[in-house]
Amino acid sequence: MQSIQTWVGIDVSAKTLSACRWRADVYAEKEFDNDSRGHRELVRWVGKHARICMEATGVYHLGIAMALDSASNEVMVVNPRVAKDFARAMSTRSKTDEVDARTLLEFVRRMDFQPWQRPSVAVLELRELARRVTELVKSATAEKNRLHARGISRLSATVVADVKANVAQLKKRVARIERAAFDVIVADADLREQYRILIGVPGIARRTAILLLGELAVLDRTMTERQLVAYAGLDPRVFESGTSVLKPVRISKVGNSRLRAILYMNALSAVRHDHGARAFFHRLVARGKKRKQALVAVMRKLLHGIWIVLRRRVDFNTAVLFASALAKAECPHSAIAAEQPELSQDHPKDRSEAEELRQQLDAGSAEASRRPRKEKAA
C-alpha cells in the first residue's frame, strides 16, 4: 500500500478553489479556478497518492473531487457543519478561504479518514434530473398560487391567461424531465432494481421513487442507518446547559433538506394508507408523543427500512418494519385501533389527503401541547 506523503485541504466555492498542501513538513497555498483548466492545474500541483479533504458544497465540489479521484488520490468529502465545529474546536477566529483550506487540511491529518465513493455517470445524471423535477414542481406551485390570487382579484384577464399558460408549460416540462429520468433508470440495471424496490414501499409512486433514488443512489452503501438519519437531518438535537437551560429535543435539520421533504410526504401518505405505519404512528401518540413528533418517527422508520432493502436488494415488507406496532394494535385491549382513521373516509371537494392529515397533525399537536406532562419518577 502506498504511504501517504501529501495532505491537502481545499475550500471550494463556485468560482475558485483555495488549496493548502502539507508535504515534507512544508506548507504551501495556492488558488485555482473552479473550471476544467483549474482542475488540471490543481491535480498537477497535488500530485498522486495524496489525501485530500473538502466540504460538500452542492455541485461545486463534484468536478474537482472526481478529477482528484481519477488521479490516484484519496478524497474525503465532509459535512460543512462538521468542518465548522472542527474550526471552532481549533479556536479559529478568522473566516477566509485560505483559513478554511488550512482547517480542512488539519481535519484530514488529525481525524479518521472516510473515503469518498465516486458515483457513476448514470447516478449523477439521475440526481440532476430529479432535482430539476423538484425545482419545476416548486415553480408550478408558486404559479398556481398566483393564479388563485389573480383569479380572485379579477383585475387583468391577460395576466390570468399568461399564468395559466405558464402553469401548463411547467407541467409539460416536468413530464419531460421525469421521462428522461425514467429512461436513465431503465438503462442502468442497478438503478432499475432499486427503483423496483422503492415502488413497493407504501406511500411511494413513480415520481417519489425517482426523487428518492436521485438522493440515495449517490450515497456510500457502507453507511449505517444511524449515519443516514444524520445525513437526512432527522437525528435528535439536545440543547441543555447546566440546570437552567433545557430546551425540548428536536431534529437537527443538519443534512439533506431535499431528502427530508420527500420523506415528509411519504410519511403522510403511509400513515393514511399503510396499516403498519398507521399503527406505529398511533402507538406513539397513545404514549404521549405529539402528532408531528410521531410523524417524524415514521419518517425515520421508513428511511431505516428503505435503506436496508436497498442495500440488501430485497423487497420492502411493511409487516416486518412495523411488526411491533402491528402486534400492539392487534391486542384486544389496545387503544390504538380506536384512534385510527378509516381508509374509506371521503375527503372534502378540492382538498387532498395530505392537506387533511396535515390539518389533523396541527390540531393534534396543539391539543397535545396543552396536556400536563407526567412527573418523572424519583
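Placed above this text is the structure.
Residues numbered from 1 in each chain as written. Predicted model: local features only at pLDDT ≥ 70, side-chain atom pairs only at ≥ 80, totals over all residues. Heavy atoms only, no water.

Asker: Describe the environment of Met111, naming the residues involved and giving the relevant values.
Answerer: With respect to the helices and strands, Met111 occurs in the loop between helix 4 (97-110) and helix 5 (121-153). Once the C-alpha coordinates of Met111 and Phe86 are considered, the two residues, 25 residues apart in sequence, prove to be 9.8 Å apart. (Helix = DSSP H or I, 4+ residues; strand = E, 2+ residues; numbered from the N terminus.)

Asker: Mind laying out the pattern of salt bridges, listing which residues take part and the relevant values?
Answerer: Under the definition given, this model contains 16 salt bridges. Across the pair Glu178 and Arg207 runs a salt bridge whose closest N-O atoms are separated by 2.3 Å. In this pair, Glu178 is assigned in helix 6 (residues 157-187) and Arg207 in helix 8 (residues 206-216), connecting sequence segments 29 residues apart. Of the residues examined, Arg207 reaches a relative accessible area of 37% and is grouped as partly exposed. (Salt bridge = Lys/Arg side-chain N within 4 Å of Asp/Glu carboxyl O. Buried < 20%, exposed > 50% of the residue type's maximum accessible area, 1.4 Å probe, protein only.)

Asker: I'd like a description of the nonpolar core, backed by residues and values.
Answerer: Core analysis: the largest hydrophobic core is formed by 64 residues, its most contacted members being Leu191, Leu212, Leu216 and Ile306. For this core, the element with the most residues is helix 12 (residues 291-312), which contributes twelve residues. Leu216 has contacts with Arg221, Leu228, Leu259, Ile306, Trp307 and Leu310, leaving out every residue within four places of it along the chain. Membership of the second largest hydrophobic core comes to 21 residues, among which are Ile10, Ala19, Phe32 and Leu42. (Core = buried A, V, L, I, M, F, W, Y, C linked by side-chain atoms within 4.5 Å. Contact = heavy atoms within 4.5 Å.)

Asker: Report on the sheet that holds strand 5 (residues 74-78), specifying residues and quantitative values.
Answerer: In space, the five strands of this open sheet follow the order 3-2-1-4-5, with mixed pairing throughout. Sheet topology places strand 3 (26-33) and strand 5 at the edges, where each strand pairs with a single neighbour. Here the strands of the sheet are splayed against their neighbours by 20° on average, with no regard to which way each runs. Pairing analysis gives five bridges linking strand 1 (residues 6-12) to strand 4 (residues 50-55), with the strands arranged parallel. (Pairing = 2+ DSSP bridges. Axes fitted to C-alpha atoms, helices over the stretch in contact; angles between N-to-C directions.)

Asker: Provide a residue-level description of helix 11 (residues 275-286), including the pertinent values.
Answerer: Between its first and last C-alpha, helix 11 extends 16 Å over twelve residues, near the 16 Å set by a 1.5 Å rise per residue. Burial analysis of helix 11 places nine of its twelve residues in the buried class, which makes it a mostly covered element. Taken as a whole, helix 11 has its buried residues at Gly276, Ala277, Arg278, Ala279, Phe280, Phe281, His282, Leu284 and Val285. After helix 11 finishes, the residue Gly288 shows a positive phi value of roughly 105°. (Expected span 1.5 Å × (residues − 1).)

Asker: Could you give an account of the side chain of Ser252, naming the residues involved and the relevant values?
Answerer: Here Ser252 is to be found in the loop between strand 7 (245-251) and helix 10 (257-273). Residue classification places Ser252 among the buried residues on the basis of a relative accessible area of 16%. Engagement of the side chain of Ser252 in a polar contact is seen with the side chain of Asp235, the distance being 2.5 Å. Other than its neighbours up to four places away in sequence, Ser252 contacts Gly233, Asp235 and Arg237. (Polar contact = N/O pair within 3.5 Å; in protein donor to acceptor, adjacent residues only side chain to side chain.)

Asker: Explain the side chain of Glu106 to me, and be specific about the residues and the numbers.
Answerer: For Glu106, the location among the structural elements is in helix 4. For Glu106, the residues in contact, after removing those within four places along its chain, are Tyr27, Phe86 and Met90.

Asker: An account of a negative patch on the surface is needed here, citing residue identities and associated values.
Answerer: Taken together, the side chains of Glu31, Asp33, Asp35 and Glu98 make up a negatively charged region of the molecular surface. Positionally, Asp33 belongs in strand 3. Judged by its relative accessible area of 45%, Asp33 is partly exposed. (Patch = residues over 30% accessible without salt bridge, like charges linked within 9 Å, V, L, I, M, F, W, Y side chains within 5 Å. Areas by Shrake-Rupley, 256 points an atom, 1.4 Å probe, with all protein chains shown as cover. Lys, Arg positive; Asp, Glu negative; His and termini not counted. Charge placed at Lys NZ, Arg CZ, Asp CG, Glu CD.)

Asker: Please give an account of unusual backbone geometry that cites residues and values.
Answerer: Located in the positive-phi region is Asp25, a residue other than glycine, with phi close to 60°. A relative accessible area of 64% places Asp25 in the exposed class.

Asker: Talk me through the packing of helix 6 against helix 7 (residues 189-199); I want residue IDs and the actual numbers.
Answerer: Between helix 6 and helix 7, the shortest axis-to-axis distance is 5 Å and the interhelical angle comes to 110°. Taken as axis vectors, helix 6 and helix 7 run roughly perpendicular relative to one another. Here helix 6 contributes Phe182, Val184, Ile185, Val186 and Ala187 to the contact with helix 7, which in turn contributes Ala189, Leu191, Arg192 and Tyr195. Among the residues forming the contact of helix 6 with helix 7, the class breakdown is eight nonpolar, no polar and one charged. (Parallel < 35°, antiparallel > 145°, perpendicular 65-115°, else oblique. Nonpolar A, V, L, I, M, F, W, Y, C, P; charged D, E, K, R; others polar.)

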